[in-house]
Amino acid sequence: MAASSSVVSVAAAAAAVPGVSTSADFSDLRDIKKQLLLIAGLTRERGLLHSSKWSAELAFSLPALPLSELQPPPPLTEEDAQDVDAYTLAKAYFDVKEYDRAAHFLQGCNSKKAYFLYMYSRYLSGEKKKDDETVDSLGPLEKGQVKNEALRELRVELSRKHQARGLDGFGLYLYGVVLRKLDLVKEAIDVFVEATHVLPLHWGAWLELCNLITDKEMLKFLSLPDTWMKEFFLAHIYTELQLIEEALQKYQHLIDVGFSKSSYIVSQIAVAYHNIRDIDKALSIFNELRKQDPYRIENMDTFSNLLYVRSMKSELSYLAHNLCEIDKYRVETCCVIGNYYSLRSQHEKAALYFQRALKLNPRYLGAWTLMGHEYMEMKNTSAAIQAYRHAIEVNKRDYRAWYGLGQTYEILKMPFYCLYYYRRAHQLRPNDSRMLVALGECYEKLNQLVEAKKCYWRAYAVGDVEKMALVKLAKLHEQLTESEQAAQCYIKYIQDIYSCGEVVEHLEESTAFRYLAQYYFKCKLWDEASTCAQKCCAFNDTREEGKALLRQILQLRNQGETPSTDTPAEQLTNLKHASSPQL
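Rules and cut-offs
- Residues numbered from 1 in each chain as written.
- Predicted model: local features only at pLDDT ≥ 70, side-chain atom pairs only at ≥ 80, totals over all residues.
- Heavy atoms only, no water.
- UniProt positions renumbered as here; feature names shortened; annotations may be inferred.
- Helix = DSSP H or I, 4+ residues; strand = E, 2+ residues; numbered from the N terminus.
- Buried < 20%, exposed > 50% of the residue type's maximum accessible area, 1.4 Å probe, protein only.
- Contact = heavy atoms within 4.5 Å.
- pLDDT = per-residue confidence, 0-100.
- Salt bridge = Lys/Arg side-chain N within 4 Å of Asp/Glu carboxyl O.

The name recorded for the chain in an unreviewed UniProt entry is Cell division cycle protein 23 homolog, from Phodopus roborovskii. Database annotation for the chain, UniProt heading Pathway (unreviewed entry): "Protein modification; protein ubiquitination."

So, in C-alpha cells, the structure goes:
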C-alpha cells in the first residue's frame, strides 16, 4: 500500500492507489475509475463539492469495480491523526456554512488537509460577506466598492507558504483562486498550471485555468502535464473558445475510449452544437440527456435558450415547471423561468428572474447577458450596457455580451463604439455571419464602403444565417452605381432563398425582383425583365411598378425593339432557374 507521509503532495492522489498512474493512456479504465473515486473522496473532504461531483459522475459512467479492486481511503499521517478532532468538528461547521467558526477551530493545525480547510473557510467567509453586501445592489458602481477583505491576507500567507514549497495540489489551487480574485491573472495562470502538475486529478484547477485562457495562442504556450485529464480540459477549452470542430473530435474520442455513458460529456456536446447554432442537433441531444438524467439542472438554461429560439412555448413552460419542482432556488431554474417570460414578451418579469439568478450567484455569466437582452427589449439602454459590461467582467470570451453592447450603442447612434464591440464579437466568433453583417453595417455608417463590402461578402461565404448579407451587398453596389455586381448579388439572393426549400416570407424579396426587373429592362432583355416584373406583381409594395413595367415591355416589343446581348449568358440561365414556376 502507498502509505506515504505526504498523501496529497506531488502526485499523491495517483500514488495513493497502487499501480495507478495518471498518464494520457485510456487503455486501463479500471485504473482511471480508481483515480476518480479517490479524488472524489479527497475533494469532498476539503469541501470542494463541485469537483467531487464531477469526478463521481465520471466514475459512475465507467463499469463497476469488483470488491477485490475497491481501494480503502488513503491512510492517515501522524499530522492527520493529531488534527483529526479539530478537523472533524470544523468540517461539520463548514458543511453548514459556518465558515468563521470552522476557521477558528482549525487555527494551529499542521496537517495539509486541515490547513487547506482553514484557509478555504476564511476565503469562503470573505466571499459570503461580499455577496451579502451586494445582494441588494447589482449595479457596477456599488459592486466595485464591495471587496472580499480576506483576499490580501490570504495572498500574503499562501505566498509565503508557496515560496517555502509547503503547498500541496489543493493549496496551490486555492492560491490560484485568490490571485485570480485579485486580478493577478498571469500569476494565477502559473499557479494553476503548477497545481495541475502536482495534482492532475483535481478538475477544479483545470476548470479555473480554462476560465483564464482567452485564445488558442495562450493555450499553446502552457506547459501542461501529459495526463488523461488533459483531454477533458482540452475538449472543454475548445468549446469555450468556439473551436467547436476540435471540441467535438475530443469528445467523440472520449466516448470511443469508454465514456459513452457520461452525462457530462453528452451535455458538453449539446452545448457545442448550441454554440454553432445547430439547433436541431442540440435539442435532440438535450432531450436524450433529460431522459437519461431527468433531475439534472446543469446546462438546462442552455436548453431553454434553444427552446426560446425555436419559440417552443409549451416545452419551455414544461421545463420551467419541472425545474421549479426540483429546485426553484438554482440559478439555472431562474434563467429558464426568465426565458419563458421573455418568450411571452413579459420582459419586466423576465428581468426580475434574471436578477434573482444573480442574487444567487453574482458571477453567473448567462444571467447577466440575458438580463441585458431584456433591458434592450424594454429600451433601457443604460441598464443594458451595465448588464453586458458585467457579463464581460465575468468572462471576456462571451461574444453575446460584446455583440449586445454593439447593438446598444447602435441604438444610441454611436457607430465608432459599435465598431469596437462588434469587432470584439467577431474575433470570438469569426464564422458567425451575424457579427459580420453587423460589422458591415457599422462600416457603411462610417462611409468605409470597401470594408463594408468585404464584411457582407464574408458573411455570405461563411453561411448567412439571416439571409441578409447579399441584399446589403447588392444595395451597396447599387449605391456605388455598380449595377452588374448588384444584379449578380440579387440573383444569388433569390436562388438561395428558394433553394433552401423553406416557405418563408423574405422582406427583401420584392426589392430584389424590382431591381432585377429594372436592370434587365435597361439591358433590353425583355423575357427576363418580364419574368421579374410578373414576380413584382405578387408583392403589395411593388405591384404597381411591376404592372407599369410589363406595359412598357409590351409597348416596346410591339414597336419591334430587339433584345441586347450585353449580359452574360450564365446570368440569364441562373435567373431563369431562380424564376421558374416553382417560385
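Engineer: Honestly, the overall build of the chain in this entry has me stumped. Any pointers?
Structural biologist: Per the secondary structure count, the chain includes 32 helices and 0 strands. A buried classification covers 53% of the 583 residues belonging to the chain. Put simply, 59% of the contacts in the chain that link residues at least 6 apart link residues at least 24 apart.

Engineer: For this particular structure, what's the right way to read the confidence of the model for the chain?
Structural biologist: Parts of the prediction with low pLDDT should not have their coordinates interpreted in detail. Chain-level statistics for the chain give a pLDDT mean of 85 and a share of 88% at 70 or above. By mean pLDDT, the top-scoring element of the chain is helix α19 (residues 331-343) (96), and the lowest-scoring one is helix α1 (residues 12-15) (42). The model gives residues 565-583 a pLDDT under 50, and that stretch makes 34 contacts with residues more than four places away or in other chains.

Engineer: Please explain the pattern of salt bridges as it appears in this structure.
Structural biologist: If charged atoms from side chains of opposite charge come close, those side chains can pair. Summed over all chains, the structure comprises 30 salt bridges. Residues Lys-250 and Glu-231 are paired through a salt bridge, measuring 2.9 Å at the closest nitrogen-oxygen approach. Taken together, the residues Lys-250 in helix α14 (residues 244-259) and Glu-231 in helix α13 (residues 228-240) connect sequence positions 19 residues apart. With respect to burial, Lys-250 and Glu-231 carry one shared label: buried. Taking the shortest distance from any N to any O, the salt bridge between Glu-545 and Arg-514 comes out at 3.0 Å. Of the two residues, Glu-545 sits in helix α31 (residues 543-558) while Arg-514 sits in helix α29 (residues 509-522), which places them 31 residues apart along the sequence. You can call Glu-545 partly exposed: its relative accessible area is 37%. Owing to a relative accessible area of 25%, Arg-514 belongs among the partly exposed residues under this scheme.

Engineer: Just checking my understanding: could you explain the UniProt feature "repeat: TPR" (unreviewed entry) in the chain for this structure?
Structural biologist: In the numbering used here, UniProt assigns the feature "repeat: TPR" (unreviewed entry) to residues 331-364 and 365-398. A distance of 8 Å separates the end C-alpha atoms of residues 365-398, which is 79% helix and 0% strand.

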